Amino acid sequence: MSQIIELGVQGMTCASCVGRVERGLKKVDGVEDATVNLATERATVTYDPAVTTPQALLDKVKAVGYEPVLSHIDLGVQGMTCANCVGRVERALKKVDGVLGAAVNLATERASIEYLPATVSPGQLKAAIRQAGYEVLEAQAGVSREDQEREARAQEVAHLRRQVLFSAVFAVPLLLLAMIPMMVPAAEDWLMGTFGHRVMGTLNWVMLALALPIQFGPGRRFYRLGWKSLRALSPDMNALVMIGTSAAFGYSLIATVAPSLFPDGTAHVYYEASGVVITLILLGKYFEAVAKGRSSEAMKKLLSLQAKTARVVRGGQELEVPADEVLVGDVIAVRPGEKIPVDGQVLSGASFVDESMITGEPVPVGKQAGAPVVGGTINQNGALTVQATKIGSDTALAQIIKLVETAQGSKPPIQGLADRVVAVFVPVVLGIAALTFVLWLIFGGQQALSFAMITTVAVLIIACPCAMGLATPTSIMVGTGKAAELGVLFKGGGALEGLQDVQVVALDKTGTLTKGKPELTDLIPTGGFDRAGVLRLVAAAEAQSEHPIARAIVDAAKTEGAAVAHPEHFEALPGYGLEARVDGHLVQVGADRYMTQLGLDLQVFQQAAERLGDEGKSPLYAAIDGQLAAIIAVADPVKDGSLDAVRALHTQGLKVAMITGDNARTAQAIARQLGIDTVLAEVLPSGKSDAVKALQATGQKVAFVGDGINDAPALAQADVGLAIGTGTDVAVETADVILMSGDLRGVPNAFALSRATLRNIRLNLFWAFAYNIILIPVAAGVLYPAFGTLLSPVLAAAAMGFSSVFVLSNALRLRGFRPPLRARAEVPAASNPALA
């Protein structure tokens, strides 16, 4: 059966473009016809879905040089209770023509959908969700989506609390009436001896009166949702509870109303197996809802960072306006203790700003005129005037929140196993329950019907797949939220899991291992010269040069408070150095061959020169008034924390490589200093991705750590790319993990958190699967022949609720994760312009 799909196509300018797109689409196998309209910028394609896919059509549009129009939407989905619900919503959405992908998260209760806006509308997507039996959380004017979801979750918790309390009022006496005769056989014997079967019949009617309000009061939700799932041929947890409790209640009702239909002594009732079970399941759902709210704590912290108002200076007056009404270019007054409302640049004032929630660095960063500031950070002790440069969704905080939301809603590859099992789990459980009922009817003896009823209900109740559905998304939700608190942003579950397989961490040198800016590292004077005097004269001589080494010397002199004079004479000597006259002194600076040409003996600095060479530094020399005055070294210094980071990576069992354009001697010197295993030196910027390929060619998984700007090809080539010290668009596009701090110590922290999260997920999945593998046979009665033990449906309900609460509690343990290394803000790294 052919299908017709419409694609939006951007970039077409003339009839030639139309022809190119049409010819390209018609070449795709399975395409029967394609027409393109330049005016509407749409392509209408008739194709055979058995041969090709919409994604193949999109790829062809890109291949011929144009951009297909795609849209993405996140929808809140209400009413999901287990992994089968997730699967049903996903299948319903993927059946809609024009939907390219749909991922539904049980923990966040949201559906993330990528679709073709030319083919399908958001309204059709919402309708598909509703037809699957669930509700869509509609946006309300003037209320943020986050507040809306928080309110909906709070209402759900309150509703469950009321239902649990209502059920408990009837379930507690029901349980006592059912259990006391079994726990105190003497009491039952006395009642039977004194009043006969009449009193037991009366008790049955009393228990019916107690069970009825539970079954058709709070228990009505299981009928409503369970029946929808059965109609859709996709039975879920609600269907299991509905069938199990209805069987117990119906059997008991017949035994109460018409006991004569049963053989003598077999008209038992199991009202507690319906009423108490429903109460316990609701109690488990209540605990689950509370725990799910706690699992999003990190996201709440991020959202709370957003300022609600801003004090905008207009017409010489300060006006307090909502933060979302600030415009680019507005001037904002920020007082001490206030949040900075948007990203901007300081126009005037000086203060320290707490950027810890953005970068993970705990030390406040100094700000003065010209410094960038990030929205959501807290101004501490001084008044600032800030000009807005980025607002709304363009701010760094908004981008961070978006990345965290995306990661929390994503599915890592490990989730695939759970999804495949869950897809067939409930039908298999229904089959096991039916088989259990039949076998007990055949081999159960006089109590066959009673035994069949107990075991079947227990199987249906205990096999709820809630724990399976929550095992992965809750760990991902808590883990990515904790990572955000530490300044580590995972773009998705795949990146979180991908770090597990990495064996080699390749580090870019400049700007990653090192500060990326040459600094004066050594200045050793000879006898008769003082360091400050030599530095002042050499800096004055170098002030006329734009060479990076000259800039480093001048900056060092200014930092130390030296007044850099203007030279009276300056001459550059290519290949040797320079000569200048400063304050009447002849200053000559250059390499060793220049000093030799001047006839100066360098023997006094032989040991120092050898040491600097071993450190990868090229020494320079300074002569003043014809006398050797000092040996100087300028280098790109290693960042504080680089050594700690490399050691921590080694401790985690990882090999560390360095990729650099420096010469081999300098590279090896830095590698020795840091303990790096492999060095790839003299690599051109364009060759970094090839260097990553070379490491991958050894059969190892490689993570590349770079600054996210000129390292984009290498970040894309690596199995996992980590962009450090940047929040730029390039990093967001190419890296899988973004480290907001400029501190390399975030890398081992990312690996450690990834491993902790995956361990947490594996434990959750093990528990969810092992729980069912072990307890379903027990519920079916396999222990009865040997031990005479049957699992009560009440205990089955308690165990089922405990399994979900266990999974959620285990995931919440990640909130206490402690990074192996704590980043320290040694310089205003967080004021890196790339962050703003």
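Residues numbered from 1 in each chain as written. Predicted model: local features only at pLDDT ≥ 70, side-chain atom pairs only at ≥ 80, totals over all residues. Heavy atoms only, no water.

Some details on the environment of Leu 674
Topologically, Leu 674 is positioned in helix α24 (residues 664-674). Residue classification places Leu 674 among the buried residues on the basis of a relative accessible area of 4%. Taking the C-alpha atoms as reference points, Leu 674 and Leu 643, 31 residues apart in sequence, are found 5.2 Å from one another. Once residues within four sequence positions are removed from consideration, Leu 674 is found in contact with Leu 513, Val 638, Ser 642, Leu 643 and Val 646. (Helix = DSSP H or I, 4+ residues; strand = E, 2+ residues; numbered from the N terminus. Buried < 20%, exposed > 50% of the residue type's maximum accessible area, 1.4 Å probe, protein only. Contact = heavy atoms within 4.5 Å.)

Side note on the pairing of strand β17 (residues 384-390)
Taken residue by residue, a regular strand's side chains alternate between the two faces of the sheet. Here strand β11 (residues 331-334) pairs with β17 via four bridges, running antiparallel. The residue bridging Ile 332 from the neighbouring strand is Val 386, located in β17. Sheet analysis places strand β12 (residues 343-349) next to β17, joined by six bridges and oriented antiparallel. Looking across to β17, one finds that Asp 343 is bridged to Lys 390. (Pairing = 2+ DSSP bridges.)

Brief notes about the UniProt feature "transmembrane region" (unreviewed entry) in the protein
The feature "transmembrane region" (unreviewed entry), as given by UniProt, occupies residues 164-187, 199-218, 239-262, 268-287, 421-443, 449-472, 765-784 and 790-812 in the numbering adopted here. Span residues 268-287 is 80% helix and 0% strand, its end C-alpha atoms 33 Å apart. Its end C-alpha atoms 34 Å apart, residues 790-812 is made of 87% helix and 0% strand. (UniProt positions renumbered as here; feature names shortened; annotations may be inferred.)

Section: the sheet that holds strand β26 (residues 655-659)
Sheet architecture is open: seven strands sit in the order β18-β30-β29-β28-β19-β26-β27, paired in mixed fashion. Strands at the two margins of the open sheet, each flanked by one partner only, are β18 (488-490) and β27 (678-680). Strand-to-strand twist of the sheet, defined as the mean angle between neighbouring strand axes without regard to direction, takes the value 20 degrees. (Axes fitted to C-alpha atoms, helices over the stretch in contact; angles between N-to-C directions.)

Considering the packing of aromatic side chains
Per the counting criterion, the structure on display carries 10 aromatic pairs. Centroid distance Phe 605 to Tyr 621: 6.3 Å. Interplanar angle 45 degrees. Geometry classified as tilted. Highlighted residues: Phe 605 in the loop between α21 (592-597) and α22 (606-614) and Tyr 621 in strand β24 (residues 619-624), separated in sequence by 16 residues. On the basis of relative accessible area, Phe 605 is assigned to the buried category, the value being 4%. (Phe/Tyr/Trp six-rings, centres within 6.5 Å; stacked < 30°, edge-to-face > 60°.)

Quick look at unusual backbone geometry
Most peptide bonds take the trans configuration, and most residues that are not glycine carry a negative phi. Positioned with a positive phi, Asp 583 is a non-glycine residue whose angle comes to about 50 degrees. Looking at Asp 583, the relative accessible area reads 44%, which means it is partly exposed. The phi dihedral of Glu 682 falls on the positive side, at around 55 degrees, and the residue is not glycine. With respect to the element layout, Glu 682 can be found in the loop between β27 and α25 (688-696). For Glu 682, a relative accessible area of 54% corresponds to the exposed category.

Some points on the environment of Gly 721
By secondary structure assignment, the location of Gly 721 is in strand β29 (residues 720-724). Along the chain, Gly 721 and Ala 703 lie 18 residues apart, while their C-alpha atoms are 5.7 Å from each other. Those residues in contact with Gly 721, other than ones at most four positions away along the chain, are Phe 704, Leu 715, Ala 735, Asp 736 and Val 737.

Thoughts on the nonpolar core
Core analysis: the biggest nonpolar cluster contains 133 residues, and Ile 113 and Phe 490 have the highest contact counts within it. Looking at which element gives the most residues to this core, the answer is helix α28 (residues 746-780), with 16 residues. Excluding anything up to four places from it in sequence, Ile 113 contacts Ser 71, His 72, Ile 73, Leu 75, Leu 93, Val 99, Gly 101, Ala 102 and Leu 125. Counting 25 residues, the second-largest nonpolar core is a separate cluster that includes Ala 541, Ile 553, Ala 556 and Ala 622. (Core = buried A, V, L, I, M, F, W, Y, C linked by side-chain atoms within 4.5 Å.)

What to know about the sheet that holds strand β1 (residues 3-10)
Read across the sheet, four strands follow the order β2-β3-β1-β4 without closing on themselves; strand pairing throughout is antiparallel. The outermost strands of the open sheet, each flanked by one partner alone, are β2 (31-37) and β4 (67-69). Each adjacent strand pair in this sheet contributes to an overall mean axis angle of 35 degrees, direction not counted. As paired strands, β1 and β4 are joined by three bridges and run antiparallel to one another.

Side note on the pattern of salt bridges
Pairing between side chains becomes possible if they bear opposite charge and their charged atoms approach one another. Following the criterion strictly, the structure yields 16 salt bridges and no others. For Arg 335, the salt bridge goes to Glu 318, with nearest N and O atoms at 3.4 Å. Here the residue Arg 335 occupies a position in the loop between β11 and β12, and Glu 318 occupies one in strand β10 (residues 317-322), the gap between them amounting to 17 residues. Assessed through its relative accessible area of 43%, Glu 318 is described here as partly exposed. Connected through salt bridges with shared partners, the residues Arg 311, Glu 318, Glu 320, Arg 335 and Glu 338 form a single ionic network. (Salt bridge = Lys/Arg side-chain N within 4 Å of Asp/Glu carboxyl O.)

A closer look at a nonpolar patch on the surface
A cluster of nonpolar side chains, namely Leu 435, Val 438, Leu 439, Leu 441, Ile 442, Phe 443 and Leu 449, defines an oily patch on the protein surface of about 660 Å² accessible area. The element contributing the most residues to the nonpolar patch is helix α14 (residues 415-443), with six residues. Within the fold, Leu 435 resides in helix α14. Residue class for Leu 435 comes out exposed when judged on its relative accessible area of 51%. (Patch = residues over 30% accessible without salt bridge, like charges linked within 9 Å, V, L, I, M, F, W, Y side chains within 5 Å. Areas by Shrake-Rupley, 256 points an atom, 1.4 Å probe, with all protein chains shown as cover.)

Some details on the packing of helix α9 (residues 237-257) against helix α15 (residues 448-462)
Between α9 and α15, the least distance of the axes is 8 Å, while the angle of their chain directions is 155 degrees. As the angle between them shows, α9 and α15 are arranged roughly antiparallel. In the packing of α9 onto α15, the handedness of the crossing is left-handed. On the side of α9, the interface is formed by Leu 240, Val 241, Ile 243, Gly 244, Thr 245, Ala 247, Ala 248 and Tyr 251, while α15 contributes Leu 449, Ser 450, Met 453, Val 457, Leu 460 and Ile 461. Tallied by class, residues from the contact of α9 with α15 come to 11 nonpolar, three polar and no charged. (Parallel < 35°, antiparallel > 145°, perpendicular 65-115°, else oblique. Left-handed = near helix turned anticlockwise from the far one by under 90°. Nonpolar A, V, L, I, M, F, W, Y, C, P; charged D, E, K, R; others polar.)

Remarks on helix α3 (residues 83-94)
End to end, α3 covers 17 Å across 12 residues, agreeing with the expected 16 Å (1.5 Å per residue, within 8%). The element α3 is extensively covered by neighbouring structure, given that 10 of its 12 residues are classed as buried. Among the residues of α3, Ala 83, Asn 84, Cys 85, Val 86, Gly 87, Arg 88, Val 89, Glu 90, Ala 92 and Leu 93 are the ones counted as buried. (Expected span 1.5 Å × (residues − 1).)

Structural notes on the side chain of Ser 252
Inspection of the secondary structure assignment puts Ser 252 in helix α9. Setting aside residues no more than four positions away along its own chain, Ser 252 makes contact with Val 269, Tyr 270 and Tyr 271.

Thoughts on the packing of α15 against α28
Orientation of α15 relative to α28, taken along the N-to-C sense of each, is 165 degrees, at an axis distance of 8 Å. Relative to α28, the element α15 is oriented roughly antiparallel. Pair α15 / α28 crosses with right-handed handedness. Where α15 abuts α28, its residues Thr 455, Ala 458, Val 459 and Ile 462 lie against Tyr 771, Asn 772, Leu 775, Ile 776, Ala 779 and Ala 780. Its residues assigned to classes, the contact of α15 with α28 comprises eight nonpolar, two polar and no charged.

Here's the deal with the pairing of β26
Among the five residues that make up β26, four are buried, leaving the element largely enclosed by the rest of the structure. Pairing of strand β19 (residues 504-508) with β26, which is carried by five bridges, proceeds in the parallel orientation. Counterpart to Val 504 in the pairing with β26 is Lys 655. The pairing of β26 with β27 spans three bridges and is classified as parallel. Bridge pairing in β27 links Ala 657 to Thr 678.

Some details on the state of the cysteines
Tallied over the entire structure, the rule returns zero disulfides. Not engaged in a disulfide, the cysteine Cys 14 finds its nearest cysteine sulfur in Cys 17; these two sulfurs lie 3.8 Å apart. Taking the relative accessible area as the measure of exposure, Cys 14 reaches 33% and is therefore partly exposed. (Disulfide = S-S within 2.5 Å.)

Some thoughts on helix α4 (residues 122-131)
Of all the residues in α4, the buried ones are Leu 125, Ala 128 and Ile 129. What you see down the axis of α4 is that its buried residues fit within an arc of 100 degrees, all on one side. In this structure, the buried side of α4 is in contact with β5 (71-78), α3, β6 (99-105), β7 (110-115) and β8 (135-137). Positive phi appears at Gly 133, one or two residues downstream of α4, with a value of about 105 degrees. (Arc of directions from axis to C-beta.)

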